[in-house]
Amino acid sequence: MKIRVAPHSRRSLAAGFTLIEMVLVLAIIALLIGAGVMKLTGVLTTGQQTTAKMDIGAVESALRMYQIDAGFLPTTEQGLAALVTQPSTQPVPKRWKQQMKDHPTDPWGNPYQYRRPGLKNADGFDLWSWGKDGIESADDIGNWD
């Protein structure tokens, strides 16, 4: 009894993907992922800047509430700590209420900066974040923007 094996058809040999086709598809996928990551990097930076601006607005509101309670704004030396703990240096407010639970920090983990009287807001105060680089530079975000 002879068993006959059918010869391979052309169709069965060409049914799979070649190595070149697979490498080409993987390269295209890698390019698309890379382009998407580059686009999302800009979104993250914009989100952090927007968060910093919103935080500055919230801290400004807390400073105004402090001013209503105490009758004056904290000095530069007292800083934003006056919103968390009652100042012990002059001028000590007669009426004081905690305005914030913690010292405010920007999206990059740095504390917000406060100066009174302000250099950019001479009749009020300057409140700002040093931005991503953490130093005074062109990327600073403040209440003067």
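Conventions and cut-offs
Residues numbered from 1 in each chain as written. Predicted model: local features only at pLDDT ≥ 70, side-chain atom pairs only at ≥ 80, totals over all residues. Heavy atoms only, no water. Helix = DSSP H or I, 4+ residues; strand = E, 2+ residues; numbered from the N terminus. Buried < 20%, exposed > 50% of the residue type's maximum accessible area, 1.4 Å probe, protein only. Contact = heavy atoms within 4.5 Å. Areas by Shrake-Rupley, 256 points an atom, 1.4 Å probe, with all protein chains shown as cover. Patch = residues over 30% accessible without salt bridge, like charges linked within 9 Å, V, L, I, M, F, W, Y side chains within 5 Å. Salt bridge = Lys/Arg side-chain N within 4 Å of Asp/Glu carboxyl O. Lys, Arg positive; Asp, Glu negative; His and termini not counted. Core = buried A, V, L, I, M, F, W, Y, C linked by side-chain atoms within 4.5 Å.

Visitor: Run through the overall build of the chain, naming residues and quoting values.
Guide: Along the backbone of the chain there are two helices and three strands. When the elements of the chain are put in sequence order from the N terminus, they spell out α-α-β-β-β. Within the chain, the proportion of its 145 residues that are buried is 27%. For the chain, the share of sequence-separated contacts (at least 6 apart) that also reach a separation of at least 24 residues comes to 40%. Within the structure as shown, the chain displays about 10,600 Å² of accessible surface, and the carbon and sulfur contribution to it stands at 63%.

Visitor: So what's going on with a nonpolar patch on the surface? Which residues, and what values?
Guide: Residues Val25, Leu26, Ile29, Ile33 and Val37 make up a contiguous nonpolar surface patch of about 470 Å² in total accessible area. Within the secondary structure, Ile33 is located in helix α2 (residues 19–70).

Visitor: I'd like to hear about the side chain of Asp106, residue by residue, with values.
Guide: With respect to the element layout, Asp106 can be found in the loop between α2 and β1 (113–115). As a buried residue without a salt bridge, Asp106 has its nearest oppositely charged side chain in Lys132, at a separation of 12 Å. Other than its neighbours up to four places away in sequence, Asp106 contacts Tyr112, Ser129, Trp130 and Gly131.

Visitor: Quick one: what's the story with the pattern of salt bridges, residue by residue and with numbers?
Guide: Within the structure shown, the criterion is met by two salt bridges. Its salt-bridge partner being Arg95, residue Asp69 comes within 3.6 Å of it at the nearest N-O pair. Here Asp69 is found in helix α2, whereas its partner Arg95 is found in the loop between α2 and β1, with 26 residues between them in sequence. Arg115 is the partner of Asp126 in a salt bridge, and the nearest nitrogen-oxygen pair spans 3.4 Å. Pair noted here: Asp126 is in strand β2 (residues 126–129) and Arg115 is in strand β1, with a separation of 11 residues, a long-range link.

Visitor: I'd like a rundown of the nonpolar core, residues and numbers included.
Guide: If you look at the biggest cluster of nonpolar residues, it comprises 18 residues, and the most contacted ones within it are Val59, Leu63, Leu80, Leu83, Tyr114 and Leu127. Among the elements that line this core, the one with the most residues is α2, at seven residues. Leu80 has contacts with Val59, Leu63, Pro104, Tyr112, Tyr114 and Leu127, leaving out every residue within four places of it along the chain.

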